[in-house]
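What follows is each chain in one-letter form.
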Amino acid sequence: MAQYSRLVITNDGQALMAKMIAGSGNIDFTKMCSSSTQYQENQLQDLTAISDIKQTTLVSKVSRTNNVAIKVEAAFSNADITTGYYMRTLGLYAVDPDKGEILYAACIETTNNCYMPPYNGVTVSAAYIQVYTTVGNAESVSLEVNPGAYATIGDIQALEAEIADLKAFVGYTDGDIYGVEVDFDNKKFTRLAGAANRTPGEGVDNILCFGGRKRCNLTNDGRVAAYYGEAGFSTTGKLTQAIDRNPAGTTTPDPNLQFTAGTIVQVMVEQPKFYYKVVPLKIEKKRKGGITRKVRYYVSDTPKAGFKLHPAFIENGRENEKIYLAAFEGSLYDSSAGAYILDDSQVADFANDILCSIANAKPMSGLTQNATRANVRKLAEKRGSGWEQSYAATVCASQMLMLIEYASFNMQSCIGDGATHKTDDGSSNMAEPTGVTVNLGNASGTASNANGIQFVTYRGEENFWGNIWTWVDGLNENMDATTHEGTIYIADHAFTDDTGSGAYEDAGIIAVFGNGYVSAFCYSEKYDWLFIPGELLGNTALPVGDYHWNGNTGWRVALLGAGWDGGWYAGALCWSLDGASSHRGRSVGGRLVYVPSKKAA
């Protein structure tokens, strides 16, 4: 990588700067030259010219950085050179009102690594140069440049961003971008771009972020042993037969692709990464952030100008190609007994037992055991490096995919009510055992158990809503007792409760205080992927159809989905921010997530 010395102002440059400070005119930077001559840094101040100049380019951009300094940008291209050379010296030129054009400053390349190749008729190479120099009085520097200068990378990136924003507001037409426009005030949903004329289910199965979701068996160290439909796939928590994923005829098998019978595995949903863009067409401004009135939501399997990788695939700055979401609500593995707890016996040892995702197990709860969010977090992390309980970014990824696939927030209407209409007995964990949707595999839909209780699944995630509330990590709220403003703090690692510091960041939004059906979500530019209720004037159907509880003050933790008696309150966007970190209950459990980069850390 090329490295240049500091930019040394020549004697002529210093004289020009003195004239400018004395009020004798402005400094006009005109061009930059590149030379193959290797000067020493102590020679630069006395230079009046540079020898063996190989290329000259006009200054592309001049901008002030503070009262006494400026940044000059230029770009060199090899389109017109037939012989390559090393760019050993750069000279910056300016106009002196008495002498004409002078060498104002120069710098040298110190590693001998900056080579400009000759044009080969196929690929154009370019060097983008930024230099910073003192001028004494930045207000006296001309910012005008010759319009014939090369555009710099910075110019191009800025232009691309402007074009992407314009496209977003006009509306994308690309076939590989899928979106929906939500008019919250008029309760209207419109499919956009590649999503137009598509239907849920098979209509989007060929889009990786939707159709690429697959149930699988994941080992404790993060290896996929089998996918749904393959021989050996198990829902019991361990493999019932040996599996070899090496291609047939492999002479030197990879042991990481070989699994013995009895290997511990969880049933997870493999989620491929995707990119997203949120376009706020109409946002009602609040003291902090805003409230959605009309918004476009887009996703794409591939990077697009203006799109961002969804934060579910970014953990502490590290990117993931895939993450793994629990197929089933969490149950308990009793480490001391070496057995899965299938009936929610209240025997959890929160220092040693493990959260699970298997079929035919009653979801664990806090009926009598202290299954707070913090303690369920311990159970999830006990499975090994890379494992957590579900958190804000991971659940919001599924929420965004549901919205765009169904062009609706009301998943009870689109997929099914779920296990939400049982009559509560007031004393027990009434959640039904997991696995009712096993035979639906990777599809979305409903299935009923022997008790006639309907379960729902969204592309492999069973009971994203209903049956039992689910803890959501990485989201803390601090509700002010006087103003009733709920500040939301978000993290993607180092989860803890009752804090907005450390890995947590202020999301720039204020969650609505009170209880009611959601009519709009909070909005901030950085956390535009969050679906946190900002207004409660909706009904059981539109524009969201889900209920929100947020009527207590102080530090709060997050629950999602509602339980067996949630009725029309329940749904994929039904949040409760009512509970303190000490809360545990017979209708509250957890779900696993596996993030590969957490293991690699």
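For the structure itself, consult the block above.
Residues numbered from 1 in each chain as written. Predicted model: local features only at pLDDT ≥ 70, side-chain atom pairs only at ≥ 80, totals over all residues. Heavy atoms only, no water.

**Student:** An account of the layout of surface pockets is needed here, citing residue identities and associated values.
**Tutor:** Counted as a void, the largest pocket has a volume near 410 Å³. Taken together, 21 residues make up the lining of the largest pocket; nearest its centre are A2, Y4, Y128, I129 and Q130. If you list the elements that add at least two residues to the lining of the largest pocket, you get β9 (115-116) and β10 (126-134). Ranked by residue count, the leading element in the lining of the largest pocket is β10, at seven residues. For the lining of the largest pocket, the residue count by class is 17 nonpolar, three polar and one charged. Among the residues forming the lining of the second largest pocket, the class breakdown is 10 nonpolar, two polar and four charged. (1 Å grid on protein atoms, 1.4 Å probe; cavity = no way out; pocket = protein on both sides within 12 Å on 5 of 7 lines; lining within 4 Å. Points joined across faces, edges and corners; volume = space filled by probe spheres on them. Helix = DSSP H or I, 4+ residues; strand = E, 2+ residues; numbered from the N terminus. Nonpolar A, V, L, I, M, F, W, Y, C, P; charged D, E, K, R; others polar.)

**Student:** Go over empty space enclosed by the protein with me, naming the residues and quoting the values.
**Tutor:** All chains considered together, the criterion is met by three cavities of 30 Å³ or more. Considered as a void within the structure, the largest cavity measures approximately 110 Å³ in volume. Around the largest cavity sit 14 residues that line it, and S390, V395, E461, F464 and R591 are the ones nearest its centre. In terms of residues, the lining of the largest cavity owes the most to one element, helix α5 (residues 392-406), which gives three residues.

**Student:** Any chance you could break down α5 for me, citing the residues and the numbers?
**Tutor:** For α5, built from 15 residues, the straight-helix expectation of 21 Å at 1.5 Å per residue is met to within 8% by its first-to-last C-alpha distance of 21 Å. Of all 15 residues making up α5, 15 are buried, and the element is well covered by its neighbours. Note on α5: the residue one or two positions beyond its end, A407, has a positive phi of about 50°. (Expected span 1.5 Å × (residues − 1). Buried < 20%, exposed > 50% of the residue type's maximum accessible area, 1.4 Å probe, protein only.)

**Student:** Outline the sheet that holds strand β29 (residues 454-458), supporting the account with residue identities and numerical values.
**Tutor:** On the basis of which strands lie adjacent, the open sheet formed by three strands has the order β28-β29-β30 and antiparallel pairing. Edge positions in the sheet fall to β28 (445-448) and β30 (461-462), since each has one partner strand and no second. Strand direction decides the pairing type here: β28 and β29, joined by four bridges, are antiparallel. Note on β29: the bridge partner recorded for G445 is T457. Here α5 sits on the sheet and contacts β29 and β30; the angle it forms with β29, its principal contact strand, is near 90°. (Pairing = 2+ DSSP bridges. Contact = heavy atoms within 4.5 Å. Axes fitted to C-alpha atoms, helices over the stretch in contact; angles between N-to-C directions.)

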